[in-house]
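# An overview of the molecular structure
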Amino acid sequence: RKEVEQDPGPFNVPEGATVAFNCTYSNSASQSFFWYRQDCRKEPKLLMSVYSSGNEDGRFTAQLNRASQYISLLIRDSKLSDSATYLCVATSGTYKYIFGTGTRLKVLA
Amino acid sequence: EAGVTQFPSHSVIEKGQTVTLRCDPISGHDNLYWYRRVMGKEIKFLLHFVKESKQDESGMPNNRFLAERTGGTYSTLKVQPAELEDSGVYFCASSPRLANEQFFGPGTRLTVL
């Protein structure tokens with residue numbers, strides 16, 4: 001079983017749609033959680049950190065459920081430019097990133 | 001502010017040759033990390049430096065890989081001798097402190113023929 005699991009997709013959604021991704025992690029000692037965005041053949045770029053209280057940044061909302069060991073990302077009002085692979089990250093300890101394989105999103109005009 | 005830079009962007013070598021990858025972290029970031037993504041797999045941790053000291057090299061695949069960070073600035077990752085399974089994208093990341101978000105470089109795409 002992978003330490004961080006994501007549905008690889010692809011998720012094909014129309015512009016303006018709301019889309020949600022979930023991710024589960026196996027290490028209950030993980031301390032920090034992140035969502036990164038990766039465009040084709042580019043580096044991962046931080047989208048947002050994830051906190052138990054939930055956090056929102058514009059059209060993006062992230063949530064952490066420690067009891068169930070899952071992390072979610074909600075994207076509202078999808079834009080064409082949101083098309084990318086979204087990487088879920090949990091840390092092993094304080095700094096070692098454990099990546100999921102990523103979820104591909106394609107927003108269609 | 002300049003981001004993390006890596007050189008070269010691509011490298012194609014033959015099995016048995018040596019390759020050295022370089023990473024320049026964001027200025028002032030004491031923490032430097034190397035990761036690797038092989039085809040079809042997730043990005044995996046290789047090792048972590050704090051300044052010039054290796055803190056954790058638990059992800060290094062074997063002793064053909066050698067990482068250094070002399071002077072605590074840029075880092076190099078040498079693969080010697082390279083094998084076919086070493087092909088992949090090698091990412092470097094840096095952060096100012098532990099538990100901070102990590103900022104990734106553009107990666108070096110290594111192909112071993």
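Each chain has its residues counted from 1, following the order in which its sequence is written. The lettering of chains begins at A and the numbering of ligands begins at 1, in the order of writing. Since the coordinates come from a predicted model, pLDDT governs what is reported: local features require at least 70, and pairs of side-chain atoms require 80 or more to be given and counted, while whole-chain, interface and lining totals use all residues. As a rule here, side-chain values come from all non-hydrogen atoms in the structure, and water together with hydrogens is ignored.

### Remarks on the state of the cysteines
Defined simply, a disulfide is a covalent bond joining two cysteines at their sulfur atoms. Using the following cut-off: The criterion for a disulfide is a pair of cysteine sulfur atoms lying within 2.5 Å. Each helix corresponds to a stretch of at least 4 residues labelled H or I by DSSP, and each strand to a stretch of at least 2 residues labelled E; elements are numbered beginning at the N terminus. Residue exposure (1.4 Å probe, protein chains only): buried if accessible area is under 20% of the type maximum, exposed if over 50%, otherwise partly exposed.
Applying the stated criterion across every chain yields a total of 2 disulfides over all chains. Shown here is the disulfide that connects C23(A) with C88(A), its sulfur atoms set 1.9 Å apart. Across the disulfide from C23(A) to C88(A), rotation about the S-S bond amounts to roughly -75°, and the bridge is consequently left-handed. Residue C23(A) is located in strand β3 (residues 19-25), and its partner C88(A) is located in strand β9 (residues 84-92); the two are separated by 65 residues in the primary sequence. Taking relative accessible area as the criterion, C88(A) reaches 0% and is therefore assigned buried. Through a disulfide, C23(B) is tied to C92(B); the S-S separation comes to 1.8 Å.

### Observations concerning the interface of chain A and chain B
Rules: Contact definition: two residues touch when any of their heavy atoms are within 4.5 Å. Buried area, as used here, totals the accessible surface that two parts lose on assembly, with accessibility defined by a 1.4 Å probe and the loss added over both. By convention in these notes, a salt bridge is any Lys or Arg side-chain nitrogen within 4 Å of a carboxyl oxygen on Asp or Glu. Side-chain classes are defined by residue name, with Ala, Val, Leu, Ile, Met, Phe, Trp, Tyr, Cys and Pro counting as nonpolar, Asp, Glu, Lys and Arg as charged, and the others, Gly among them, as polar.
Contact with chain A, which involves 19 residues of that partner, is made by 19 residues of chain B. It is Y95(A), Y97(A) and F99(A) that lose the most area in chain A upon contact with chain B, and together they represent 34% of the buried surface on that side. Summed over the shared surface of chain A and chain B, the result is 2 salt bridges. For D56(B), the salt bridge goes to K96(A), with nearest N and O atoms at 3.5 Å. Here the side of chain A that touches chain B is built from residues that sort into 8 nonpolar, 6 polar and 5 charged.

### Considerations on the packing of aromatic side chains
The geometry of two aromatic rings is summed up by the distance between their centres and the angle between their planes. Applied cut-off: Any two of the Phe, Tyr and Trp rings considered here, Trp counted by its six-membered ring, make a pair once their centres fall within 6.5 Å; the pair's planes then place it as stacked at under 30 degrees, edge-to-face at over 60, or tilted in between. Remark: a charge is flagged as sitting over a ring if the NZ atom of Lys or the CZ atom of Arg is within 6 Å of the ring centre and within 35 degrees of the ring normal.
According to the stated counting rule, one finds 20 aromatic pairs over all chains in the structure shown. An aromatic cluster is defined as three or more aromatic residues linked by ring pairs; in this entry it consists of F34(A), Y36(A), Y95(A), Y97(A), F99(A), Y33(B), Y35(B), F45(B), F91(B) and F104(B). R22(B) extends its terminal NZ or CZ atom over the ring of Y74(B), reaching a point 3.7 Å from the ring centre.

### Side note on the nonpolar core
All names here are of chain A. Our working definition: What makes a nonpolar core is a set of buried Ala, Val, Leu, Ile, Met, Phe, Trp, Tyr and Cys residues whose side-chain atoms join them at distances within 4.5 Å.
With 25 residues, the main nonpolar core has F21, W35, I71, L73, I75, Y86 and L105 as its most contacted residues. Residue assignment for this core shows that the elements contributing at least two residues are β3, β4 (33-38), β5 (45-50), β7 (60-65), β8 (70-75), β9 and β11 (103-108). Leaving out residues up to four positions away in the same chain, F21 has contacts with F11, W35, I71, S72, L73, I75, Y86, T103 and L105.

Purely geometric stuff here, so don't read any function into it on its own.
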